[in-house]
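Letter by letter, the chains look like this.
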Amino acid sequence: MRRTDMQKTMIRLHVLLFACLVCTASAAQESNRWDLRRCVEYALNNAVSVRQSMIDAKASEITLKQTELQRLPSLTGNINHGLSFGRTLDRTANVFVSRSAMFEQISLQSNALLFNFGSQRSILEANRIGNEAAKADVDRARNDIGLNVANQYLRALLSKEQAELSQVVLGQTKSQLDNTRKLVDAGSLPELNAAELEATLARDSATWVQASANHRLDLLTLKGLLNLPADVPFEIEAPPVYRIPLDNILDQDPALVYRMALTNQPQIRANNLREQSALKFLDARRRQLYPSINAF
């Protein structure tokens, strides 16, 4: 009786372990499948171009902060302590005496810009506008990487379909060659028919190899856009056709689309902001031609 209970327990443990392995394999296989939404979301946070633009925006923000702090007065202090031996100067009587003496020097200096014809204010405004342009560059990088990932994703889907289609054609050619070879061996067909199918099979095999290589190359290119290591398991997933939204492009007004692009595209906004920043810097340089007033 005890042996039967032990056998049942072992069977349950084996079933539980098998279920865990199946769930783990299913989860791993699911994690290897990438749809378009997952690819774009991952690229928006991990692509090299997006990270570089975010670093540039952070550097621009630091430059703006430094410009703001430069408007404040500066204050420096210095303390020196020394010990002299032998013949030295007595600082209280201003005569030379032969003795050791200790001395201290304390200095304090402050510098404040009182007036410079608004040059510092123009530089601050130029850096503030430049910081806004750097933030717009981040949005531009996100838009660019999103479009590039979507384009490469569709290319990978197309090459995948071409590889699968060429494999189907190759399988059909093999089946046709097998049937033809049987008929040739039976004497129903001439040897020329089998030779022609063998040549067709060779061409179909080359087409399938080329299509498979193109698909692997497209996957590697997509991985590069996503900033994924080449050895990471990666498989794209085609979305259902009925879930793909389609808009009628003919109903859109080209002039309206162009005006919306001029208003909403971050690249246009970044270029306009950089032009304004350059004009502010030019104004600051012109104001620096005039004398400034400082207080020490």
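Scroll up a little and you will see the structure.
Residues numbered from 1 in each chain as written. Predicted model: local features only at pLDDT ≥ 70, side-chain atom pairs only at ≥ 80, totals over all residues. Heavy atoms only, no water.

## A short note on the pattern of salt bridges
Put simply, the test is: Salt bridge, as applied in this entry: a Lys or Arg side-chain nitrogen positioned within 4 Å of an Asp or Glu carboxyl oxygen. The helix and strand labels rest on DSSP assignments: H or I over at least four residues marks a helix, E over at least two residues marks a strand, and numbering proceeds from the N terminus. Buried, partly exposed and exposed residues are distinguished by accessible area as a fraction of the type maximum, computed with a 1.4 Å probe on protein chains only: under 20%, between the cut-offs, and over 50%, respectively.
Applying the stated criterion to the full structure yields 10 salt bridges. R128 is the partner of E125 in a salt bridge, and the nearest nitrogen-oxygen pair spans 2.9 Å. Placement of the pair is E125 and R128 together in helix 4 (residues 119-186), with a separation of three residues, close to one helical turn. Relative accessible area serves as the criterion here: at 32%, R128 is assigned to the partly exposed category. Notably, a salt bridge pairs D283 with R287, separated by 2.8 Å at the nearest N-O pair. With D283 and R287 both in helix 7 (residues 266-287) and four residues apart, this pair spans about one turn of that helix. Given the relative accessible area of 28%, R287 is considered partly exposed.

## Here we look at the environment of R287
Formally: Contacts are assigned to residue pairs with any non-hydrogen atoms lying within 4.5 Å of each other.
The spacing of R287 and Q120 is 167 residues in sequence and 9.0 Å in space, taken between C-alpha atoms. With near-sequence residues (within four places) excluded, R287 lies in contact with N116, F117, G118, S119 and S122.

## Points about the layout of surface pockets
The test is simple: Cavities and pockets were defined on a 1 Å grid built over protein atoms only: a cavity is a set of grid points that admits a 1.4 Å probe from which the probe cannot escape, a pocket is an open set flanked by protein on both sides within 12 Å along at least five of seven lines, and lining residues are those with an atom within 4 Å of any such point. Grid points are joined across faces, edges and corners, and a volume is the space filled by probe spheres set on the points.
Counted as a void, the second largest pocket has a volume near 290 Å³. Forming the boundary of the second largest pocket are 16 residues, of which Q70, R71, L113, N116 and Q120 lie nearest the centre. Breaking the lining of the second largest pocket down by element, the ones donating at least two residues are strand 5 (101-115) and helix 4. Looking at the lining of the second largest pocket element by element, the count peaks at five residues for strand 5.

## So, the nonpolar core
Going by this rule: The definition of a nonpolar core used throughout is a set of buried Ala, Val, Leu, Ile, Met, Phe, Trp, Tyr and Cys residues joined through side-chain atoms within 4.5 Å.
With 17 residues, the main nonpolar core has C39, V149, L222, L226, F234 and I236 as its most contacted residues. Within the residue set of this core, elements represented by two or more residues are helix 2 (36-46), helix 4 and helix 5 (191-226). In terms of residue count, helix 4 provides more of this core than any other element does, six residues in total. V149 has contacts with C39, V40, A43, L222, L225 and L226, leaving out every residue within four places of it along the chain.

## Topic: the side chain of Q120
Within the fold, Q120 resides in helix 4. Residue class for Q120 comes out buried when judged on its relative accessible area of 16%. Residues contacting Q120, with those up to four places away along its chain left out, are T67, Q70, R71 and L113.

## Observations concerning the environment of S159
Threshold: Here a polar contact is taken to be a pair of N or O atoms separated by no more than 3.5 Å, where protein atoms must pair a possible hydrogen donor with a possible acceptor and residues adjacent in sequence count only if both atoms sit in side chains.
Looking at the secondary structure, you find S159 in helix 4. Here S159 is in contact with A211, N214, H215 and D218, once residues within four sequence places are set aside. Within polar-contact distance, the side chain of S159 engages the side chain of D218 at 3.0 Å.

## What about the packing of aromatic side chains?
Stated precisely, the cut-off is as follows: Within 6.5 Å between ring centres, the rings of Phe, Tyr and Trp (the latter by its six-membered ring) count as paired, and their orientation is classed by plane angle as stacked under 30 degrees, edge-to-face over 60, tilted in between.
A complete count under the given rule lists three aromatic pairs for this structure. Seen from their ring centres, W34 and F234 are 5.5 Å apart, and the 45° between their planes marks the pair as tilted. Pair noted here: W34 is in strand 1 (residues 33-34) and F234 is in the loop between helix 5 and strand 6 (235-236), with a separation of 200 residues, a long-range link. Across the pair, exposure class does not vary: W34 and F234 are buried alike. Measuring from centroid to centroid gives 5.0 Å for F117 and Y290, while their planes differ by 35°, and the two rings are tilted. Here F117 is found in the loop between strand 5 and helix 4, whereas its partner Y290 is found in the loop between helix 7 and strand 7 (293-295), with 173 residues between them in sequence.

## Concerning the side chain of N131
Positionally, N131 belongs in helix 4. Residue contacts for N131: discarding those within four places in its chain leaves A57, S60, E61 and L64.

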